[in-house]
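Reading the structure
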Amino acid sequence: MRLLTRSMAVAASAVIALSAAPATAAPQLVVNGTFAAGTAPWWNSANTSMTVESGRLRVNVTGGTANPWDAMVAQNAIPLTQGKSYTLSFDASASAPVSAVTTVQLADAPYTNTLTKAISLTTTSKRFSFPFTSGLGTPAGQVSFQLGGGTGFSFFLDNVSLTEQGASGPVGMTNGFYVDPNSNPATWVRNNPGDSRAARIQSSIASKPMARWVGGWSGDVGASVSAYVSAADSADKLPVLVAYNIPGRDACGGHSGGGAGSEAEYRAWISAFASGIGDRPAVVVIEPDSLGDFACMDAAAIQARNRMLTYATEQFRDRAPNTWAYLDAGNAGWVPAATMAARLGDAGVGNIRGFAVNVSNYYPTGQSATYASAVNTALGGGAKWVIDTSRNGKGSNGEWCNPAGRQIGTPAQLGGDGGTEMLLWVKIPGDSDGNCGIAPGTPAGQFSPDIAIRLIDGT
């Protein structure tokens, strides 16, 4: 099943970068998360002992316990507000590969949790980051690390942080979404001022905020991305970008195959992409279709893809701190919600803001939100999601490749049905899905004024 194509828009001309104002520091709810002041107020249960060693917490765990909670370290008196969004982050490793559990929960019976995450630890310290929305309202929350249920080992912990997610993110740093002056529709309008369709395409499509797709055609990806986010930054607007260069892209034989030539090449490319954004505000959708087309991949290819996607999430987390990144999660008619949630988990969604649905597809916003909510529930309830509404004004007729009778949907906005964080035009309205449907002679990614007018009219 092929669901999206790319925009081949030419990179924006280089501009002078203006630094965005830094995000307001989010309230820090964990005390002594660096253990610079010793261990207090952290405490440990039976079957553990703890000390500060080389600037981090070392917890020695005895083996032979039955349950994870039989060996714990934790901090109590954490205030939580029901419905507020938070992020729990920390660095952790172990003396041997083991599994553990981290929670945010009530400190006392009935120990109701609002975040529970299994973590796989190795001898190499790794940064973990889990966004969630609290289902609890209490002054008596707890952040815990549950280490029992296995053999004895040493657990190492550092840089523990629990912060509120507020308007200090990229939305709070900007004033509305960025309109790409060099999008395919805008470029066509500029080059065809005498065409009778130009005014309508300008008014209904080219003047609206939409995503900039970034791939192998973008040249020096770091420079290209930097120029684009700089232009948005200078306008005090929030840019939306799509990373679309995964090796083996469109694995099921659709019209947009390609991608980087190797895993190593992709790692360098996505790292440069994230570095190109830097500390400026942005929204990024990561690799549309990449978690949907597993049916056309063998086990080794799936493992490699998960490694690359996880690396991508880590790069945006670490190199682009004011970016909200969303892994693509297909659409309401493709992969069951529970299956997609498992795939997202394997691909590192816990490192970033959340996931995107309906990219380059046509499912109605309500149906997409229902699907996204089911995915989020299966993930444990901690992720955010966005919906592509670029072409869903009349919903889906079951076809994906330039179908007739479709229509542009709600332009980019904050909020949406059923807890949706944003509605976005991710697909470029008027860009062809391939040599098919109502545009049999238009290659994938090429803008067609005929397709654009039909999307405006819904014909």
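Residues numbered from 1 in each chain as written. Predicted model: local features only at pLDDT ≥ 70, side-chain atom pairs only at ≥ 80, totals over all residues. Heavy atoms only, no water.

- The protein chain carries the name Glucanase in an unreviewed UniProt entry, which gives Nonomuraea ferruginea as its organism.
- Quoted verbatim from the Sequence similarities (unreviewed entry) field of UniProt, the annotation for the protein chain is "Belongs to the glycosyl hydrolase family 6." (UniProt positions renumbered as here; feature names shortened; annotations may be inferred.)

**Some details on the layout of surface pockets**
- One number sums up the size of the second largest pocket: a volume of about 450 Å³.
- Around the second largest pocket, the lining is made up of 18 residues, and of these A118, F130, G345, D346 and G350 lie nearest the centre.
- For the lining of the second largest pocket, the elements supplying multiple residues, two or more each, are β7 (113–121), β8 (126–133), α6 (337–346) and α7 (365–379).
- A total of 4 residues in the lining of the second largest pocket trace back to one element, the largest contributor, which is β7.
- Of the residues belonging to the lining of the second largest pocket, the class tally is 8 nonpolar, 7 polar and 3 charged. (1 Å grid on protein atoms, 1.4 Å probe; cavity = no way out; pocket = protein on both sides within 12 Å on 5 of 7 lines; lining within 4 Å. Points joined across faces, edges and corners; volume = space filled by probe spheres on them. Helix = DSSP H or I, 4+ residues; strand = E, 2+ residues; numbered from the N terminus. Nonpolar A, V, L, I, M, F, W, Y, C, P; charged D, E, K, R; others polar.)

**Quick word on the packing of aromatic side chains**
- In the structure shown here, the tally under the stated rule is 15 aromatic pairs.
- Ring geometry for F145 and F155: centres 5.8 Å apart, planes at 40°, overall tilted. Linking F145 in strand β9 (residues 138–146) with F155 in strand β10 (residues 153–165), this pair joins segments that are 10 residues apart in sequence. Of the two residues, F145 and F155, neither departs from the other in class, the shared state being buried.
- Here the aromatic rings of W188 and F447 are separated by 6.1 Å at their centres, their planes lie at 50°, and the arrangement is tilted. In this pair, W188 is assigned in helix α1 (residues 184–191) and F447 in the loop between β18 (422–424) and α8 (449–457), connecting sequence segments 259 residues apart. Comparing W188 with F447, the two get one shared label, buried. (Phe/Tyr/Trp six-rings, centres within 6.5 Å; stacked < 30°, edge-to-face > 60°. Buried < 20%, exposed > 50% of the residue type's maximum accessible area, 1.4 Å probe, protein only.)

**What about the packing of helix α2 (residues 198–206) against α8?**
- Direction vectors running N to C along α2 and α8 enclose 65°, while the axes themselves pass 10 Å from each other. You can see that α2 and α8 cross each other, and the crossing is left-handed. Together, R200, I201, S204 and I205 of α2 and P449, A452, I453, I456 and D457 of α8 make up the contact between the two elements.
- When grouped by side-chain class, the residues that make up the contact of α2 with α8 number 6 nonpolar, 1 polar and 2 charged. (Axes fitted to C-alpha atoms, helices over the stretch in contact; angles between N-to-C directions. Left-handed = near helix turned anticlockwise from the far one by under 90°. Contact = heavy atoms within 4.5 Å.)

**With respect to the sheet that holds strand β14 (residues 323–328)**
- The 8 strands are arranged β11-β12-β13-β14-β15-β16-β18-β17 in an open sheet whose pairing can be described as mixed. The open sheet has two edge strands with one neighbour each: β11 (212–214) and β17 (413–414).
- Bridge analysis of strand β16 (residues 384–388) against β18 gives 3 bridges, and the strand direction is parallel. The residue bridging V386 from the neighbouring strand is M422, located in β18.
- Here helix α4 (residues 263–277) sits on the sheet in contact with β11, β12 (240–243), β13 (282–286) and β14, set at roughly 170° to β12.
- Across the sheet, helix α5 (residues 299–319) touches β13 and β14, and the angle it forms with β13 is around 175°. (Pairing = 2+ DSSP bridges.)

**So, the pattern of salt bridges**
- The tally for this structure, following the rule as stated, stands at 13 salt bridges.
- The shortest N-O distance in the salt bridge between D293 and R305 comes to 2.8 Å. In this pair, D293 is assigned in the loop between β13 and α5 and R305 in helix α5, connecting sequence segments 12 residues apart.
- A salt bridge links R391 to D433; the shortest N-O distance between them is 3.1 Å. Of this pair, R391 sits in the loop between β16 and β17 while D433 sits in the loop between β18 and α8; the two residues are 42 residues apart in sequence, bridging distant segments of the chain.
- Under the relative-accessibility criterion, D433 is labelled buried at 0%. (Salt bridge = Lys/Arg side-chain N within 4 Å of Asp/Glu carboxyl O.)

**Thoughts on the UniProt feature "active site" (unreviewed entry) in the protein chain**
- Mapped onto the present numbering, the UniProt feature "active site" (unreviewed entry) falls at D289.
- One can find D289 in the loop between β13 and α5.
- What makes D289 buried here is its relative accessible area of 3%.

**Points about the side chain of T323**
- Structurally, T323 is set in strand β14.
- A relative accessible area of 9% places T323 in the buried class.
- Residues in contact with T323, not counting those within four places in the same chain, are I277, R280, A282, V284 and F316.

**Things to note about the sheet that holds strand β4 (residues 72–80)**
- Taken in spatial order, the 5 strands make up an open sheet running β1-β4-β9-β6-β7, and their pairing is antiparallel. With partners counted over all chains shown, the strands left at the sheet margins are β1 (43–44) and β7, one partner each.
- Across 6 bridges, the pairing between strand β6 (residues 98–106) and β9 is antiparallel. Directly across from V104, in β9, lies its bridge partner V143.

**Let's talk about the pairing of β7**
- Relative to β7, β6 runs antiparallel, the two being bridged by 8 bridges. Looking at the pairing, V98 lines up with L121 of β7.
- Between the antiparallel neighbours β6 and β7 lie 6 residues, among them Y111 with a positive phi of about 55°.

**Some remarks on unusual backbone geometry**
- Look at the link from A40 to P41: it is a cis peptide, with omega at 5°.
- Secondary-structure assignment places P41 in the segment before β1.
- Note the cis peptide between A109 and P110, where omega equals 10°.
- Residue position: P110 is located in the loop between β6 and β7.
- Phi angles above zero are rare outside glycine, and N32 is one such case at about 55°.
- Topologically, N32 is positioned in the segment before β1.
- You can call N32 buried: its relative accessible area is 15%.
- Phi is positive for F35, which is not a glycine, with a value near 60°.

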